[in-house]
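# Coordinate inspection notes
Residue-level listing of the chains:
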Amino acid sequence: MKNITKYKVALCVAAAMGLSACGSDGKDGNDGADGAPGAPGASAPIVTTSGVAKVLDWQYGEGEISVEFSVENQDGIAIEDLDRVQLFSTLTNEFGMLADTVDVTYFEGDENSVGTLTHTGEGIYQLTMPHAAVTPESMGVGYIRPGNGNNGMPRTMRVMLTKTDHYAQVTTTEDAKCVSCHGEFSAATANSAWGWHQHHYALDNDQQAVIVESCITCHTQTEKQNGGWANNTMAMIGHGTMSDGQGGRVSKGHASLWTNYSMDMKRCSTCHQDDVVFTPSINGCTTCHSDLLDASSSAAIPHAGFTDGSCSNCHGEGTFAYQHQDGAERDEALNRYKFELVSVARSADKATIEVTAKATDADGKAVDIASISDATPRGWATVVKHGEAVLPGRDAGHVARSISGKTNADGSYTYVIEHAMAYSADEVLLGGVDGRIAYAAGNAPISVSNVKDVRRTSSDGMKCLTCHTEGLQGHGGQRGGFDLGGDACVQCHSAYNWEVAKNGEDYPMAWGPFVHNIHFGDYNQTRGLSKMPTTDKNKKVECVACHTGDIELDNVAPAVVLTGVDENNVYGITPIAANCVTCHTTDSAKMHMANLGGDFNIPVTPAAVHQGESGQYNLFDPAPVTEACGVCHSPAQMAEAHQY
């Protein structure tokens, strides 16, 4: 029988069916009685893409941790043949610091497997794993990661242990602070710009990303050399003074932001919860004061023998208030005066522009601007053409600024802008007051203008403060701090702002192209600037990280964006193309833009000569150009193509 071919078997079956189905007269016989329905076939669900795990319960015992969890495949069908689970578990030590970590894996049939895994039915499992330091009173955090065993199931995301009485709460930093700069972690891959494992976040039972508590499971509050799991603690990563792999420290990551006109290392609320009460700890202090525990340190009081528990004996909350809290002195300076813009108008003889403003102090009392001695308020003004500021002042985009002024009878103050462009009947004036307010550790900006009244804006300086907590203290700090909206940046960074070539390349200094370029574009790449905190290398930040509302290309001001070699040899780029080409630099991309009206080489000759603050300068007034990009690139499409 075993030698009968499949074809012969089929014939035999067909013959048997024929004999039983037909009567002697050759006609079909009567239907037989319905049979009983067959039992459904039993087979394991096929996992093709992912698995989903949830922690149902967990507890510490003597020297072990037990976790009850469920696992389903991508279709919500229980997994009944799980054979591999990884567990990370971290305990707090006697000082309440997360320090003792184990990474253990149960793998059925593997000689290196530890612990036990019991299947209790319906995709539910009980995992018991060793952790020598555990007692029933322990506190800690951890996660499980089922999958990638012999049954073919891909590993799930890390799933955090649920919060119980034994869960060590991480309370000084919150996930939203990380996301505000880095973007949604759930979009990260293994190619993250700020470390290759930004994708090492975990999930809770609602499948929501858990960042800080996941990170601190490995990057605990104690360094590896002192009993921790990783070379870098969470504090070291956050503060940016990290291990060099040889027992020393090197500034990297967040530390680079302190020097790039960006974050205030003393403004703790950038990364920490706004209402957290900070207490001094050896762990936190040594991330910056790296020689603190060195017995040979020149510190007035040797700290080598101190522990976290003893710090507060000397360092009370008030003894390091400014240095390690929210920049209180700078906040005071920002609130010391409030300036109000009254008007920006031509003088009676049309020869100058007059900027009139009022000021009050922190108590709301009127202040004579002329008598202010601890700040340097100064008026500025220019003319807007085709939606952008024309720059009648010094070379490289400095607007005309006031040299004189007068106090008025109503207590207001008028700044006289003497280097104004010639009057035009249909002109639109842009102006305001900027300057610096001094305090012990630096300066806070003054900024008030009519920018939002006369110029289209698609972004908000307050968005910039997500990363630039100090505004731009090193550049343009008195032109208008991000703290106060940042609008005055466009007084210099205008489409009519050209800049002499640097490093053999020309880059528009107009605000839109400049910001795109310096954060993500060719300017960033060719000059080797530090990478911005995007989710992944070569992936651009979501538009709304910086912009407010939809990015409607049809609303882009038509002013040609200038860039060039020198004052007498200037060319321009159409405005939308000037922004897009900062990242889309290929010839095919440029050709696409050109097909929609873009132009990368518009010759622009001087339209007039202007007497600036320190000499004569050419003025450029190119005809506006409108591109048709918005016909296809809708706000929705723009957002989808450029999100994290």
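What counts and how
Residues numbered from 1 in each chain as written. Predicted model: local features only at pLDDT ≥ 70, side-chain atom pairs only at ≥ 80, totals over all residues. Heavy atoms only, no water. Helix = DSSP H or I, 4+ residues; strand = E, 2+ residues; numbered from the N terminus. Buried < 20%, exposed > 50% of the residue type's maximum accessible area, 1.4 Å probe, protein only. Contact = heavy atoms within 4.5 Å. Phe/Tyr/Trp six-rings, centres within 6.5 Å; stacked < 30°, edge-to-face > 60°. Lys NZ or Arg CZ within 6 Å of the ring centre and 35° of its normal. Pairing = 2+ DSSP bridges. Axes fitted to C-alpha atoms, helices over the stretch in contact; angles between N-to-C directions. Salt bridge = Lys/Arg side-chain N within 4 Å of Asp/Glu carboxyl O. Polar contact = N/O pair within 3.5 Å; in protein donor to acceptor, adjacent residues only side chain to side chain. Core = buried A, V, L, I, M, F, W, Y, C linked by side-chain atoms within 4.5 Å. pLDDT = per-residue confidence, 0-100.

Once that is clear, we can look at the overall build of the protein chain. On a plain count of helices and strands, the protein chain comes out with 14 helices and 27 strands. Relative to its 644 residues, the protein chain shows a buried fraction of 43%. Contacts in the protein chain between residues at least 24 apart in sequence constitute 64% of all its contacts with a sequence separation of at least 6.

Time to look at the packing of aromatic side chains. For the structure on display, the rule yields 6 aromatic pairs. Ring centres of Phe69 and Tyr125 lie 5.8 Å apart, and the angle between their planes is 20 degrees; this geometry places the pair in the stacked category. Residue Phe69 is found in strand E2 (residues 64-73), and its partner Tyr125 is found in strand E6 (residues 124-130); the two are separated by 56 residues along the sequence. For Phe69, a relative accessible area of 0% puts it in the buried group. Put simply, the rings of Phe88, Tyr143 and Trp229 touch in pairs and so form one group of aromatic residues. The cationic tip of Lys350 hangs over the ring face of Tyr423; the distance from NZ or CZ to the ring centre is 5.0 Å.

Below, the discussion takes up the sheet that holds strand E24 (residues 569-573). One open sheet accounts for 3 strands, arranged E23-E24-E25; its pairing is antiparallel. In this open sheet, the two edge strands, each paired with only one partner strand, are strand E23 (561-566) and strand E25 (602-604). Across the sheet, the axes of successive neighbouring strands diverge by a mean angle of 35 degrees, strand direction being ignored. Judged from the 5 bridges that link them, E23 and E24 form a sheet pairing that is antiparallel. Its bridge partner being in E24, Gly564 is matched across the sheet by Val570.

Once that is clear, we can look at the pairing of E24. On any regular strand, side chains alternate: one points to one face of the sheet, the next to the other face. Linkage of E23 to E24, two consecutive antiparallel strands, is achieved through a turn of 2 residues. In this structure, E24 lies alongside E25, joined through 3 bridges in antiparallel fashion. Pairing of Gly572 across the sheet is with Ile602, part of E25.

Turning to its location among the elements, Thr173 is positioned in the loop between strand E8 (158-160) and helix H2 (175-182). Here Thr173 falls in the buried class, since its relative accessible area comes to 18%. With 39 residues separating them in the primary sequence, Thr173 and Val212 have C-alpha atoms 7.2 Å apart. Setting aside residues up to four positions removed in sequence, Thr173 forms contacts with Val212, Cys271, His272 and Gln273.

Before going further, it helps to examine the pattern of salt bridges. A pair can form between side chains of opposite charge whenever their charged atoms are brought close. The full count for this structure, using the stated rule, is 8 salt bridges. Notably, a salt bridge pairs Glu427 with Arg346, separated by 2.6 Å at the nearest N-O pair. Taken together, the positions of Glu427 in the loop between strand E20 (413-417) and strand E21 (428-439) and Arg346 in strand E13 (residues 337-346) put the pair 81 residues apart, joining distant regions of the chain. By relative accessible area, which is 17% here, Glu427 ends up buried. Within this structure, Glu332, Arg336 and Asp374 form a network of salt bridges that share partners.

Our focus in this paragraph is the sheet that holds E2. Consider a sheet: its strands pair through backbone hydrogen bonds, and that pairing is either parallel or antiparallel. Here we have 4 strands laid out as an open sheet, ordered E1-E2-E6-E5, and antiparallel in their pairing. Every other strand in the sheet has two partners, leaving strand E1 (51-60) and strand E5 (116-121) as the edge strands with one partner each. Taken over all neighbouring pairs, the strand axes of this sheet differ in orientation by 25 degrees on average, direction set aside. When E5 meets E6, the two strands line up antiparallel, connected through 5 bridges. Pairing of Thr116 across the sheet is with Thr128, part of E6.

Bringing the pairing of E20 into the picture now. For E20, the buried fraction is high: 5 of the 5 residues fall into the buried class. Here E20 shows no split at all, with Tyr413, Tyr415 and Ile417 on one side and Thr414 and Val416 on the other all buried. When strand E14 (residues 353-361) meets E20, the two strands line up antiparallel, connected through 5 bridges. Looking at E20, one finds that Ile353 is bridged to Ile417. Judged from the 4 bridges that link them, strand E19 (residues 404-407) and E20 form a sheet pairing that is antiparallel.

Before going further, it helps to examine the side chain of Thr90. Mapped onto the fold, Thr90 is located in strand E3 (residues 84-92). A polar atom in the side chain of Thr90 sits 2.5 Å from the backbone oxygen of Thr217. Each residue touching Thr90, except ones within four places of it in the same chain, is listed here: Tyr60, Leu98, Ala99, Asp100, Thr101, His131, Met139, Gly140, Val141, Thr217 and Thr220.

Attention now goes to unusual backbone geometry. Even without glycine at this site, Glu122 takes up a positive phi of about 55 degrees. When you line up the elements, Glu122 lands in the loop between E5 and E6. Look at Glu122 and you get exposed, because its relative accessible area is 65%. Located in the positive-phi region is His386, a residue other than glycine, with phi close to 55 degrees. Secondary-structure assignment places His386 in the loop between strand E16 (378-385) and strand E17 (388-390).

In this section: the environment of Met236. Turning to its location among the elements, Met236 is positioned in helix H4 (residues 234-239). The spatial distance from the C-alpha of Met236 to the C-alpha of Gln221 is 9.0 Å, given a sequence separation of 15 residues. When near neighbours in sequence (up to four residues on either side) are disregarded, Met236 contacts Glu223, Asn231, Thr241, Met242, Ser243, Arg249 and Thr287.

Among the nonpolar cores identified, the biggest contains 49 residues, and Tyr337, Phe339, Ile353, Val355, Ile369, Val433 and Leu562 are the most heavily contacted of them. What Val355 contacts, discounting residues up to four positions off in sequence, is Leu341, Ser343, Val344, Trp380, Ala381, Tyr413, Thr414, Tyr415, Ile417, Gly432 and Val433. Counting residues in hydrophobic clusters, the runner-up holds 43 residues, among them Ile65, Leu161, Cys178 and Tyr201.

This paragraph deals with the side chain of Ser243. Following the sequence through the fold, Ser243 ends up in strand E11 (residues 241-243). Of note is the side chain of Ser243, whose polar atom sits 3.0 Å from the backbone nitrogen of Gly245. Contacts of Ser243, omitting those with residues within four sequence positions, involve Asn231, Asn232, Met236, Gly248, Arg249 and Val250.

A few words on the confidence of the model for the protein chain. Averaged over every residue, the pLDDT of the protein chain is 81; the share at 70 or more is 79%. Considering only residues more than four positions removed or in separate chains, one finds that residues 1-24, a stretch of pLDDT under 50, has 7 contacts.

What follows covers the environment of Thr286. Structurally, Thr286 can be placed in the loop between helix H5 (282-285) and helix H6 (308-311). Note: C-alpha distance between Thr286 and Ala235 (51 residues apart in sequence) is 9.3 Å. Here Thr286 is in contact with Arg249, Leu292 and Leu293, once residues within four sequence places are set aside.

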